[in-house]
Each structure stands twice: as C-alpha cells, then as structure tokens.
There are 2 protein chains.
Amino acid sequence: MGAVARVMANFGFSRLILSDPATYSFRGAERLAVKGGAVLEGMAVAQNLPEALKDCVYAVGTTSRTQIEGRVALTPEEAAARLAEHSRRGRVALVLGGEQRGLSNEELAFCSDFLVIPTSEVQPSMNLAQAAAVLLYLCSREGRGAPERAAEVAPEFQGARMGTVSALGERMREVLLRAQFLNPQAPEHVLRELERSLLRAELTQREAELWLTAFKHVGRMMGGGKGPSEQEAPSRDPRRNA
Amino acid sequence: MGAVARVMANFGFSRLILSDPATYSFRGAERLAVKGGAVLEGMAVAQNLPEALKDCVYAVGTTSRTQIEGRVALTPEEAAARLAEHSRRGRVALVLGGEQRGLSNEELAFCSDFLVIPTSEVQPSMNLAQAAAVLLYLCSREGRGAPERAAEVAPEFQGARMGTVSALGERMREVLLRAQFLNPQAPEHVLRELERSLLRAELTQREAELWLTAFKHVGRMMGGGKGPSEQEAPSRDPRRNA
C-alpha cells in the first residue's frame, strides 16, 4: 500500500480510499511510501466498495478475467481514456483488488467498467503496486492535455454520483416489482436493461436526483412500501430549482 | 414537389412523405419530376407530422430561425452528419416546410433537431426545391463511405422510433402528474429534462418499449387513469423476449 501511495504521488494522484481492508495496520506502508506521505495521510477507509465509490461518477475495476457475466474487459489504454473522459463530469476511480484474491464478482459488477492488463502465461499475476504503476502512468499520460476540471461545473450539472445512481436502481427495482412490471422470479435482466439505458445517458447529478424523486413519488402513489424519506430536507428536492 | 422528387432521385433518396398537404392535386408535380417518377409513385400522405415521422428514429426540421425556445439550429453540415449517424440506427428524415409559411413551432418541437441554411439579407428566403437540393447533396456526400445499413440490425435493437418515444413521453407526463411529481401548473420543464436524458441514451426500440410498458404498469398500479390497452396483443410485451 505504501508502494501504491508512492506511485500515486509519482503521477500526481492523491486520493486513496481503502475499502473494507483486511488490516488496519499501516505502519509498514509508511516506509514504502517514499514522498507518498501526503497520500497516506489523506487516505480514507470505507466499509465497502459502494460506499468508497459513492461520490464518483465512474469507476474501473481490475481483474484477470476478460469476460464476466457478458461484460467485456477494457484494455488498460481504453480504461485510461474513459477515466480521463469521465473525469470532466466528476470524480473517477481506479479500483484495485487485494493481492490475494482480487476483486469479487459483486465488486466488479459495481464498477462501471473493468480492465485486464495482458500478461504472459509464464507469470500472469502482477504485483499490486506494479500494476498500479502501469495504470497510473497511462492515466497521467491522458492528463497532459490538461482538460478543464469537473470541479468548475456547478454540482448539479456534474455527472451523477454512483451513490445516487445506485439508489435510483434500488428504487426502480422496488417500484417496478410492486407494479408487477418486473418478473419476481427473474427481475435482473429487464431491470439491467433499463439501468443500462440510463447509464448510456450519462445522467447529470440533477437528472439522477429527478429520476430518483420521480420513482419515489410514483412508489408512494402506488401505496405501501417506502415513501419519500421524512428525514430528507425539503431543499434536497431538485425540482425546486426548476 | 415534382422538383423535390427529381432532386431526391438525383442523390439516391426515394422515400417522400407529405404531411397534411395543402393540396392533393399532384398533376403539376409529375411534369417537373424528371426521372423522379418512382419517388412520386411511392409517395405517402400522412395526417400530420408525428404520423409522418412515427417510424423514424431521428428527424431534422428546416427553418430560418437560428434559435427557438432555447434550442439552437444546426448548420446544414452538422445536420447531414447527424442524419448519417442516426441512419445506422434506423430510418431518418429531413423535414421541409411548405414554401409559404415553413414549419410551425409545434412541428419544429417534434423534430429531433432543426437546421438553418445561412442566406444573404438580399434574398434570405430559398425556393423549397433548391433548399432540398442543397441539403440532399450534403446528405449524399455523407453516404459515400457506405456504412452498414440499419435494416440489417434486428428490429428491436434498432433505434427507438419517434412514435414510440412520443408515446413514452405522453405516458410519463400522465403518470408523473398523477404521482404528484410534476407540477400541474408547469409540468413541461422537469418532464423535458427527464425526456432529454432518455434521448441522450439513444434508446433502442426495445428499450423504449420496455420503458413504455414500465410506465403503463406503474400507472395501472397507481389506480385510475389509463391502464395498459386491452387491445395490445400479448406478444407486443417486450419482456417476453427476456
């Protein structure tokens, strides 16, 4: 981890988040993080991957499998290009798995895309920090044109955060099951088609919130189940800005 | 109209539809349609523009106004490029207005985009057939790379037809008004935001039908109002292909 922090510092990246780490002992990391101390100091720890990614608009996982459940892996170059592109809409993330087991299917399903670094049969498995070095180098190469930073765009016109999109997917599942549109035995296929169509839209944060509020209202009008949370401050309703 | 048919034949276009024509007398047209006879013979007449466009996935209108209700006109070249691009997803249309009054605001609102041919102040108004010549020439220029025809894609994976998207918009309006999500005094703004996000998704016909069916089910579960039509054959339910 210290080595990862160092190579992040090498290429100008600074935000490191540990998701459900196996260990909370970071002393060894400090030794390896030569001039990567700021990265380690700023490091955050999240309970799980969805929480770690909730403020990101796009995330690429890493794995050795080129196809997972019908989804095809990106090349490292494609991933770097997409990360650069989405970084105009908001925060993006590169997700690396633990050295032992890598990312689980569920964690990869939560990522927007995933990549494979092609390696030789002689030694297919890469050291985590070295994989990070390859990928962060490619990412930094994309950045040398210095596109405008997403932070200059008003928050609601930035890309939709994955946490919001995730909440929307959950709300759609709940409402569309209750509406007897989704098949209770096998809701995933059709739900994913609808979700994927929204992902292609590259929703802004505002649009994602509008969709979420729309489904909440519809769910409430259908009766039963969850209603819009009483705890949400009225000012969170994006329609008040219309 | 005969002259339009001729220039369509010049550039390899063959499908002409008249929408709510002022006259049904076409004799004069035949004289001008030199070698454009096939176009005239195949010509169809529609009651109104939505009907004329219902099987198209994308349509560009023509006007002399560069901005209408916040929407900005395309240049002729941009329009030709977009028409070529969308023609991979399905049928596209170039919409020309009658020589006297051009297209109304409502007709332009129904088009996916609209274009302006920049002209001189000396004589800003173009003859319809000559405008058609300019635009069809630009369109034919786009086609010379001969991209694969949309007709080779299975119908449900082709782009969503405007008729279906239009029905979806109407259903969303009805359901979201009843759910008290849209403001009855001013539903348009927020509804358009949701619709525009779906347009950016470039829905396939299947996705548009799924969304439409989803909203129908939700509307029915909310009680009152329209339910899914009894007259729709069960095989129309796109979920049965899942």
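The rules we used
- Residues numbered from 1 in each chain as written.
- Chains lettered and ligands numbered in written order.
- Predicted model: local features only at pLDDT ≥ 70, side-chain atom pairs only at ≥ 80, totals over all residues.
- Heavy atoms only, no water.
- UniProt positions renumbered as here; feature names shortened; annotations may be inferred.
- Axes fitted to C-alpha atoms, helices over the stretch in contact; angles between N-to-C directions.
- Helix = DSSP H or I, 4+ residues; strand = E, 2+ residues; numbered from the N terminus.
- Parallel < 35°, antiparallel > 145°, perpendicular 65-115°, else oblique.
- Left-handed = near helix turned anticlockwise from the far one by under 90°.
- Contact = heavy atoms within 4.5 Å.
- Nonpolar A, V, L, I, M, F, W, Y, C, P; charged D, E, K, R; others polar.
- Buried area = accessible area lost by both parts, 1.4 Å probe.
- Salt bridge = Lys/Arg side-chain N within 4 Å of Asp/Glu carboxyl O.
- Polar contact = N/O pair within 3.5 Å; in protein donor to acceptor, adjacent residues only side chain to side chain.
- Pairing = 2+ DSSP bridges.

Looking up chain A in an unreviewed UniProt entry gives the name tRNA:Cm32/Um32 methyltransferase, with the organism given as Cystobacter fuscus. Looking at chain A in UniProt, the text filed under Sequence similarities (unreviewed entry) is "Belongs to the class IV-like SAM-binding methyltransferase superfamily. RNA methyltransferase TrmH family."

Colleague: Help me understand the packing of helix H8 (residues 162-178) of chain A against helix H9 (residues 188-200) of chain A, please; the structure alone is not making it clear to me.
Modeller: Residues and elements named next belong to chain A. With their axes 11 Å apart at the nearest point, H8 and H9 run at an angle of 140° to one another. By the angle between their directions, the pair H8 and H9 is classed as oblique. Of the two possible hands of crossing, H8 and H9 adopt the one that is right-handed. Residues Val165, Leu168, Gly169, Met172, Arg173 and Leu176 of H8 form the contact with H9, whose participating residues are Glu188, Leu191, Leu194, Glu195, Leu198 and Leu199. Looking at the contact of H8 with H9, its residues break down into eight nonpolar, one polar and three charged.

Colleague: Help me understand the interface of chain A and chain B in this model?
Modeller: Often, the extent of an interface is quoted as the loss of accessible area upon association of its parts. Listed per partner, the contact involves 32 residues of chain A and 32 residues of chain B. Between chain A and chain B lies a buried interface of about 2800 Å² when both sides are counted; carbon and sulfur atoms form 67% of it. Counting the surface chain A buries against chain B, the share from its top three residues, Phe181, Trp211 and Met221 of chain A, is 23%. At the boundary of chain A with chain B, the tally comes to four salt bridges. Its salt-bridge partner being arginine 206 of chain A, residue glutamate 193 of chain B comes within 2.5 Å of it at the nearest N-O pair. Applying the counting rule to chain A against chain B returns twelve residue pairs in polar contact (both at pLDDT 80 or more). No other element matches helix H10 (residues 205-221) of chain A, which puts ten residues into the side of chain A that touches chain B.

Colleague: Would you mind showing me how to read the sheet that holds strand E7 (residues 113-115) of chain A here?
Modeller: Note on sheets: strands pair through backbone hydrogen bonds, and any given pair is parallel or antiparallel. Residues and elements named next belong to chain A. Taken in spatial order, the three strands make up an open sheet running E6-E3-E7, and their pairing is parallel. Lying at the two open borders of the sheet, with one neighbouring strand each, are strand E6 (91-95) and E7. Strand-to-strand twist across the sheet, computed as the mean angle between neighbouring axes with direction ignored, equals 25°. Direction of pairing for strand E3 (residues 56-62) relative to E6: parallel, over a ladder of five bridges.

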